[in-house]
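# Observations on the three-dimensional arrangement
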Amino acid sequence: MATSTDPGASAGPAVRRRRRLLWRALAAVAVLLVLALLAAAGVAGWRLATVLRASYPQVSGSLDADGLGGLADVERDAAGVPQIYASTPHDLFLAQGYVQAQDRFWQMDVSRRYADGTLAAVLGASWVAHDELARALDLRSVALHSYSLLQPETKADLQAYAQGVNDYLHAHPGAGSLSVEYSVLGLPYTGTAQGPRPAAWTPIDTLSWLEAVSWDQDSAVAQEATRSLLTQTLTRTQIDALYPSDGAGSALDAWAVSGKLTSTGAPMLAAAPIAPPSLPSTWYQIGLHCEHRDTTCPYDDSGYTEPGVPAVLIGHNQSIAWSWSGGTVHNSDLYLEKVDGNQYLYNGHEYPVSERREKIQVAGAAPVTVTVRSTRHGPLLSDLSAVFRRAGTTAPAARAGEPGQGAPPGIAYGVAVDSTALAPNTTADALLALDQATSWDQFTSAARGLTAPAENMVYADTSGDIGYQAAGGAPARAAGDGGTWPLPGWTSAHDWTGAPGSALPAQQFDPEDGYIATSPGATGGVRAQRTVADLVGGRIEHAKLDAAGLAAVQDDAYDPEAAVLVPYLLRVNVDDFTDSAVALLRTWDYTEPAGSSAAAYYNAVWAELLRLVIGRQLPQDASAAQLGLDGSVSWDSVVNTLLTQPNNPWWGAPGPDHQSARDAMLAKAMAKARLDLTALMGKDVTTWTWGRVHTLTPESQTLGVGARPAVIKWLLDGQSLQLSGGGSDVAAADWNVGSDAFTVGAAPALRMVVDLSDPDNSRWIGQTGESGHVDDTHYLDQAPMWAAGETRPWPFTPSAVRASTLDDLVLRPVDG
């Protein structure tokens, strides 16, 4: 759109129409050129519709599935969500494997390659760095060891699930019949390679993916590296101010409300786990039901799982509901190592660095061979990353050393990592035990088996109880080590002192106030406080909370940080041009719907404020590119503290006429934000809307991002969604304030509300859709409702499921 800064802004309507037509024509020509290139490559007969439909799943009638002992019934509703019924756990999990492969096999295949470090072989050179890290972590070896520790019943369920996946693969011998992405692989200008037919699925593939999830969800490694690099420009006191320990980030993404606060007198549970956008979604809706529930077949669960993983990970059964959000416990530590050649120093002695070589295949390029080196503390990440190499020289312990432990000249500081995510575990046992739990004691017993990642688990049951359980054992660190800075690895003084997870972490049961919305004992931040106000206030405003009221809490777009900052902004004098934007804030109610002009301006001010106050003092070199305003710091808490200190050095120099440094900086941020939005949306502030810039575009995370041909992105990606909310809201549609845009980088991957008085009254919605097949009816059908804060019915009882069923598929034994 032309703006006042655009030389063409004064062009007449006819000229602008001609320009639009010209750009459309050029775009059409570009698409035709791409298609011509594809035709020249030998795919002239490629019919898009035929290729797309080749992988659509059969959802009605009957199919044979080898290994079934009896019939398995798959009933799908209007959103394509399957509810599976079978008479044994074996048949139930075999059917789950078959159905998830029907809908999401490409995603499952990518997930195991992600865990194993083999993505570059099919997706090209942009994935080499990831594959190097995955090979160094050696997650598959962890999975193999973990499998040996599992209960026989768990192994049998994993094997049944893998059998179901492989039954589907056997029935679809052409890779193109599995998903359209396999047809895209190897096309010109995609930077990919046409690989062999996907390998059979194994239980180790499932466990490898669980290990990868555990590693990815722990922020400790990135935070320790970030703190170290920040020492290039900040003091330790300043860095500690950026990471306050006041629980500001303790708001949970799942809440439990007791019958004291509900209209039914029974508990309710709500969850909206926050994650980066993904297409397909990282979550998959499903129900798993034993036809006759007893000790031999104890499952009657409905909720969400991850493709490639059997069971239900969050949801409810006939007795309990549960969910979780990421924990605040750091499960990893970086260790500084005094490495000299192939030796490293430990307690005054030199030990050999272990080495192994990994060959990484790369689509369209020569293989890359990486040497993975490790010390007793784990793989040396500094061999793979400039960021970690720099952290090895900037960490305080690296610069100071320890008395009597100085290194000889020439010794380099490597950086190794130790993590509970890299320890063999019985997490799979625990996940299946959660599905079978029917009481608080059984639930907490299952939680003991979850070693990583750290999770905040929230619970409710039909007996009227609610609870909180921290899961995932923290490392048993030496006294004084808090998991925040890289530690000296050349001495045993900082080694872990015991096995992680040996003691059950914090829990809370039936709190007197009737709700759980933060970790026990946490003081909370603005988002947590708003969540509590919603939950408790709902009892006053609406008499009692019902399922709709709890869903409204999830969609609350009130920005409590704005309520703190805006009064300071309104007391600052600005020029007339800026004041026309500031006027939007004078009558603003601090809510951030997509159509709000005031929300657009406030968030632009917020972004500029952080860039001017914080960003200018951060390292600017390439090694520190990950640093800054990327959401890893609780900026609400940092800014709120600074607002009470008008001449804190962070604000910079005081302004003229005795103006405080704070007010001078606020004025500068408001003026710059006015210019920013003028460039984006024009001079007239009344035409601005938050949703025009605060958007989320569902993108395929494999072939739909990066330097791919526009026609590929057009094929795989969804339409841009205008979103309400922000990072401080309960609705939590966060964006990276370090970027030049307001594109959403983290948002609820799903929303669910469980009504334990009547499970059929529960609600849920996913961010995209159930299907992973491009252009399938259920590829993106949930996205518009999700963006609008709406939810869908969630049938649970057999009669409700039957009433909502549109498609019914029966899986039959091969000999039946």
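Now for a description of the structure that goes with this document. Note that the structure is a prediction, hence the values are computed from the model and not measured.

Broken down by element type, the protein carries 26 helices and 30 strands. Per-residue burial over the protein gives 57% buried out of 816 residues. Taking the contacts inside the protein whose residues are at least 6 apart along the sequence as the reference set, 72% of them involve residues at least 24 apart. Split by element, the accessible area of the protein, about 31600 Å² in all, is 55% carbon and sulfur.

A few words now on helix α14 (residues 427-436). Among the 10 residues of α14, eight are classified as buried, and the element is accordingly described as predominantly covered. Looking at α14, one finds that the buried residues are T427, A428, D429, A430, L431, L432, L434 and D435.

Another point: the sheet that holds strand β1 (residues 61-64). A sheet is described by the order of its strands in space; here 11 strands give the open sequence β1-β30-β2-β3-β7-β8-β9-β10-β18-β19-β21, paired in mixed fashion. Since the sheet does not close on itself, it has two edges, and those belong to β1 and β21 (507-509), each with one partner. The sheet shows a mean angle of 20 degrees between the axes of neighbouring strands, taken without regard to direction. Both strand β2 (residues 72-76) and strand β30 (residues 807-812) contribute to a ladder of five bridges, which runs antiparallel. Directly across from V74, in β30, lies its bridge partner L809. Sheet strands in contact with α14 are β8 (300-305), β10 (320-326) and β18 (455-461), and its direction is about 145 degrees off that of β10.

Between side chains of opposite charge, pairing is possible as soon as their charged atoms come close. What the rule picks out here adds up to 24 salt bridges. Note that R76 and D103 form a salt bridge whose closest N and O atoms lie 3.0 Å from each other. Separated by 27 residues along the polypeptide, R76 in strand β2 and D103 in helix α3 (residues 89-116) bring together distant segments of the chain. Of the two residues examined, R76 and D103, each falls in the buried class. K713 is the partner of D717 in a salt bridge, and the nearest nitrogen-oxygen pair spans 3.6 Å. The structure contains a network of salt bridges with shared partners spanning D109, R112, D116, R140 and D205.

Within the secondary structure, C297 is located in the loop between β7 (284-290) and β8. For C297, a relative accessible area of 1% puts it in the buried group. C297 sits 139 residues away from Q436 along the chain, and the two C-alpha atoms are 9.4 Å apart. Discounting residues that sit within four places of it in the chain, C297 has contacts with A86, S87, T88, P89, C290 and H292.

Where strand β6 (residues 274-275) lies against strand β26 (residues 744-748), two bridges are found, and the strand directions are antiparallel. Residue A275 lies in a different strand from β26, and its bridge partner there is A747. Of the strand pairs in this sheet, strand β25 (residues 734-735) and β26 are connected by two bridges, and their pairing is antiparallel. By the bridge assignment, D734 is partnered in β26 with A746.

On the basis of which strands lie adjacent, the open sheet formed by three strands has the order β14-β15-β16 and antiparallel pairing. Strand pairing shows two members of the sheet lacking a second neighbour, β14 (354-362) and β16 (378-379), which therefore form its edges. Relative to β14, helix α5 (residues 128-137) is tilted by about 145 degrees, and along the sheet it contacts β14, β15 (365-375) and β16.

Right, let's talk about the state of the cysteines for a bit. Formally, a disulfide is one covalent bond, and it connects the sulfur atom of one cysteine to the sulfur atom of another. For the structure shown, the criterion picks out one disulfide. Through a disulfide, C290 is tied to C297; the S-S separation comes to 2.0 Å. With the S-S dihedral at roughly -80 degrees, the linkage between C290 and C297 falls on the left-handed side. For C290, a relative accessible area of 8% puts it in the buried group.

Moving on, we get to the pairing of β7. Of all seven residues in β7, seven are buried; the element is thus mostly enclosed. Pairing of strand β3 (residues 82-86) with β7 involves four bridges; the strand directions are parallel. In the sheet register, Y85 faces β7, and the bridge partner there is H289. Of the pairings in the sheet, the one linking β7 to β8 comprises six bridges and is antiparallel in character. Looking at β8, one finds that L288 is bridged to D301.

Counted by the stated rule, this structure contains 21 aromatic pairs. Between the aromatic rings of F443 and Y459, the centroid separation amounts to 4.8 Å while the plane-to-plane angle is 40 degrees, which identifies the pairing as tilted. One end of the pair, F443, is in helix α15 (residues 440-447); the other, Y459, is in strand β18, with 16 residues separating them in the sequence. Of the residues examined, Y459 reaches a relative accessible area of 0% and is grouped as buried.

Reading guide: rules and limits
Residues numbered from 1 in each chain as written. Predicted model: local features only at pLDDT ≥ 70, side-chain atom pairs only at ≥ 80, totals over all residues. Heavy atoms only, no water. Helix = DSSP H or I, 4+ residues; strand = E, 2+ residues; numbered from the N terminus. Buried < 20%, exposed > 50% of the residue type's maximum accessible area, 1.4 Å probe, protein only. Contact = heavy atoms within 4.5 Å. Areas by Shrake-Rupley, 256 points an atom, 1.4 Å probe, with all protein chains shown as cover. Pairing = 2+ DSSP bridges. Axes fitted to C-alpha atoms, helices over the stretch in contact; angles between N-to-C directions. Salt bridge = Lys/Arg side-chain N within 4 Å of Asp/Glu carboxyl O. Disulfide = S-S within 2.5 Å. Phe/Tyr/Trp six-rings, centres within 6.5 Å; stacked < 30°, edge-to-face > 60°.

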